[in-house]
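# An overview of the molecular structure
So the chains spell out like this:
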Amino acid sequence: MPHRKPPSPPSVAEPAAPPLRKALLCLLGATVMVGTLLVALPPHDETLLQWAWLHGALAASLAWATALPRWWVPILLLFAPAAVLALSLEVPPLAWLAAGLLPWLVFRGVIRDRVPLFLSDTPATRHLLDLITDEHPVSVIDLGCGTGGLLLALRAERPIARLRGVENAPLTWLIARLRLANAAIDVAYGSLWDESLAGHDIVYAYLSPAAMPRLWEKAAREMRPGSLLVSNSFAVPDVAPQRVIPLDGSGMATALYVWEMPGPKPLNGGSVPA
Ligand SMILES: C[S@@+](CC[C@H](N)C(=O)[O-])C[C@H]1O[C@@H](n2cnc3c(N)ncnc32)[C@H](O)[C@@H]1O
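What counts and how
- Residues numbered from 1 in each chain as written.
- Predicted model: local features only at pLDDT ≥ 70, side-chain atom pairs only at ≥ 80, totals over all residues.
- Heavy atoms only, no water.
- Helix = DSSP H or I, 4+ residues; strand = E, 2+ residues; numbered from the N terminus.
- Polar contact = N/O pair within 3.5 Å; in protein donor to acceptor, adjacent residues only side chain to side chain.
- Contact = heavy atoms within 4.5 Å.
- Phe/Tyr/Trp six-rings, centres within 6.5 Å; stacked < 30°, edge-to-face > 60°.
- Lys NZ or Arg CZ within 6 Å of the ring centre and 35° of its normal.
- Core = buried A, V, L, I, M, F, W, Y, C linked by side-chain atoms within 4.5 Å.
- Buried < 20%, exposed > 50% of the residue type's maximum accessible area, 1.4 Å probe, protein only.
- Pairing = 2+ DSSP bridges.
- Right-handed = clockwise from strand over helix to strand, strands pointing away.

With that settled, the discussion passes to the side chain of S139. Locating S139 in the fold gives a position in strand β1 (residues 139-143). Within polar-contact distance, the side chain of S139 engages the side chain of H200 at 2.8 Å. The residues contacting S139, other than those within four sequence positions of it, are R162, G199, H200, D201 and I202.

Following this line, the structure appears as structure tokens:
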């Protein structure tokens, strides 16, 4: 077998969210600096919006200096100016609540596990289908199933497969649940890290580089011999896959990485095509 167990990889996708915490610290740091200037400087006639821009520049510089992922820089730059502008619009409090909640409802995976929402495209679905025989019921789970489109496509082509999804972003999960209600597909609300991988022939994941070491650790511990871990676009550091299937789409996805779990296969020879 070309793959080996990783030497205790760091649990980079633990529930704690270092980038979010760092971003909040950058905002706090910028607030303290701006507050200190406001108190220390003699009376001045700058507008609130000018101070907000200074706050944004400081927060963005801190984000840059502390090596936060680059996409945080514009967010921190615009945070205070956007808040000042929004306050001047006299937006009703409920709209604020909705604006704060909506990202969490859809993008919870980014905050906790650094996994955004983007969806498997047709080439990925087609190649995944090639791995699922329709001679007997193969069990497939989509870890972080998003809005359920992939599972729906699999159901259309593999009517006897046992399909399951798990999703932890509330609104995304609800959409998947409604879409798949009549497709005989389980869609669990919860974290993929709490989901057992033991009963599945194929475990599919389209997550992020940050999640892969921890996912491999979990797969190596729980998946049965002969079952397949399939990752869309993200490899496991230092663990060579048995197969790399290039994706010919124009989207972001690059390849399917396929690892077969080592060990003696069940007597029926496993459920997935070689
Ligand atoms: C890149 S999308 C992939 C969606 C779908 N699997 C597909 O291929 O079309 C990743 C999904 O994983 C979800 N996710 C992230 N962390 C998760 C976790 N800990 N538990 C369950 N779902 C998670 C995100 O909310 C997002 O919907």
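Additional details are given in the paragraphs that follow.
In this section: the packing of aromatic side chains. All told, the structure shown has 6 aromatic pairs when counted by the stated rule. Between R70 and the ring centre of W64, over which it is positioned, the NZ or CZ distance is 3.8 Å. The lysine or arginine in question, R214, covers the ring of W193, its NZ or CZ lying 4.3 Å from the ring centre.

As a further point, take the nonpolar core. Counting residues in hydrophobic clusters, the biggest one holds 53 residues, and the most contacted among them are L128, L143, L154, I202, L229 and V230. The biggest single contributor to this core is strand β7 (residues 255-260), with 5 residues. Not counting chain neighbours up to four residues away, the residues in contact with V230 comprise L128, L131, I202, V203, Y204, A205, L256, Y257 and V258. In this structure, L27, A60, A63 and L76 belong to the second largest nonpolar core, which totals 11 residues.

Turning next to the pairing of strand β4 (residues 202-205). Taking every second residue as pointing to the same face, both faces of β4 are buried, with I202 and Y204 on one and V203 and A205 on the other. Alignment of β1 against β4, held across 4 bridges, turns out to be parallel. Its bridge partner being in β4, D142 is matched across the sheet by Y204. Here β4 pairs with strand β5 (residues 228-232) via 4 bridges, running parallel. Within β5, the residue paired with V203 across the bridge is L229. Taking the sense of rotation as the criterion, the β-α-β connection linking β4, helix α8 (residues 212-222) and β5 turns out right-handed.

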